[in-house]
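For reference, the chains in residue letters:
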Amino acid sequence: AISLSNGLKNNCCLRFLHLEQNIIGDEGAAAIADMLKVNRTLTHLMLSFNKIGNPGACAIADALKLNDTLFLLLLSQNQIGDEGAE
């Protein structure tokens, strides 16, 4: 997820990214969050079933404050509790 996220920072054409069931975890979610801060083409991101917990969810939520192009984010079936859902 880290290498992929680094490559997508300069992405100019990929709009849909399906990464379900890849055990990305919080470290991978943080890398994806860094990418979301600068990526302006991705509109759909599917991250279900990836063992993402509260730290990863919070990193993604913070990144979304800077991203106005992502339309759909799927995070179902992860390990996100109340803290990560705020």
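Quick word on the overall build of the protein chain
Okay, so step 1: Scanning the protein chain for helices and strands turns up four helices and three strands.
Okay, so step 2: The N-to-C order of helical and strand elements in the protein chain reads α-β-α-β-α-β-α.
Okay, so step 3: In terms of overall size, the protein chain behaves like a compact globule, its C-alpha atoms giving a radius of gyration of 11 Å where 86 residues would be expected to give roughly 12 Å.
Okay, so step 4: For the C-alpha atoms alone, the extent of the protein chain along its principal axes is close to 35 × 25 × 20 Å.
Okay, so step 5: Out of the 86 residues in the protein chain, the part that is buried amounts to 40%.

A short note on helix 2 (residues 25–38)
Okay, so step 1: The terminal C-alpha atoms of helix 2, which comprises 14 residues, lie 21 Å apart, in line with the 20 Å expected from a rise of 1.5 Å per residue.
Okay, so step 2: Among the residues of helix 2, Gly25, Gly28, Ala29, Ala31, Ile32, Ala33, Met35 and Leu36 are the ones counted as buried.
Okay, so step 3: Buried residues belonging to helix 2 abut helix 1 (2–8), strand 2 (44–46) and helix 3 (54–64).

Looking at the confidence of the model for the protein chain
Okay, so step 1: Averaged over every residue, the pLDDT of the protein chain is 92; residues scoring 70 or more account for 100%.
Okay, so step 2: Confidence, expressed as mean pLDDT per element, reaches its minimum in the protein chain at helix 4 (residues 82–85) with 74 and its maximum at strand 2 with 98.

Some points on the pattern of salt bridges
Okay, so step 1: What the rule picks out here adds up to two salt bridges.
Okay, so step 2: With its nearest N and O atoms 3.7 Å apart, the salt bridge here joins Asp34 to Lys37. With a gap of three residues between them, Asp34 and Lys37 both fall in helix 2, about one helical turn apart.

Points about unusual backbone geometry
Okay, so step 1: One non-glycine residue, Gln21, adopts positive backbone phi at about 60°.
Okay, so step 2: Within the secondary structure, Gln21 sits in the loop between strand 1 (16–18) and helix 2.
Okay, so step 3: When its relative accessible area of 59% is taken as the criterion, Gln21 is described as exposed.
Okay, so step 4: Its identity is not glycine, yet Lys51 carries a phi of approximately 60°, on the positive side.
Okay, so step 5: Among the structural elements, Lys51 can be located in the loop between strand 2 and helix 3.

The rules behind each value
- One numbering rule holds for all chains: residues counted from 1, following each sequence as written.
- In keeping with the model being predicted, local features are shown solely for residues with a pLDDT of at least 70 and side-chain atom pairs are shown and tallied solely at 80 or more, while totals for entire chains, interfaces and linings include all residues.
- Here the side-chain values reflect all heavy atoms present in the structure, with hydrogen atoms and water set aside.
- Going along the chain from the N terminus, every DSSP run of H or I of four or more residues is numbered as a helix, and every run of E of two or more is numbered as a strand.
- Radius of gyration: C-alpha atoms only; globule rule: 2.2 Å multiplied by the number of residues to the exponent 0.38.
- Buried, partly exposed and exposed residues are distinguished by accessible area as a fraction of the type maximum, computed with a 1.4 Å probe on protein chains only: under 20%, between the cut-offs, and over 50%, respectively.
- Between the first and last residue of a helix there are one fewer steps than residues, each counted as 1.5 Å, and that sum is the expected span.
- Any two residues whose heavy atoms approach within 4.5 Å at even a single point are treated as in contact.
- On a scale of 0 to 100, pLDDT captures the predictor's confidence in every residue.
- A pairing counts as a salt bridge when a side-chain nitrogen of Lys or Arg comes within 4 Å of a carboxyl oxygen of Asp or Glu.

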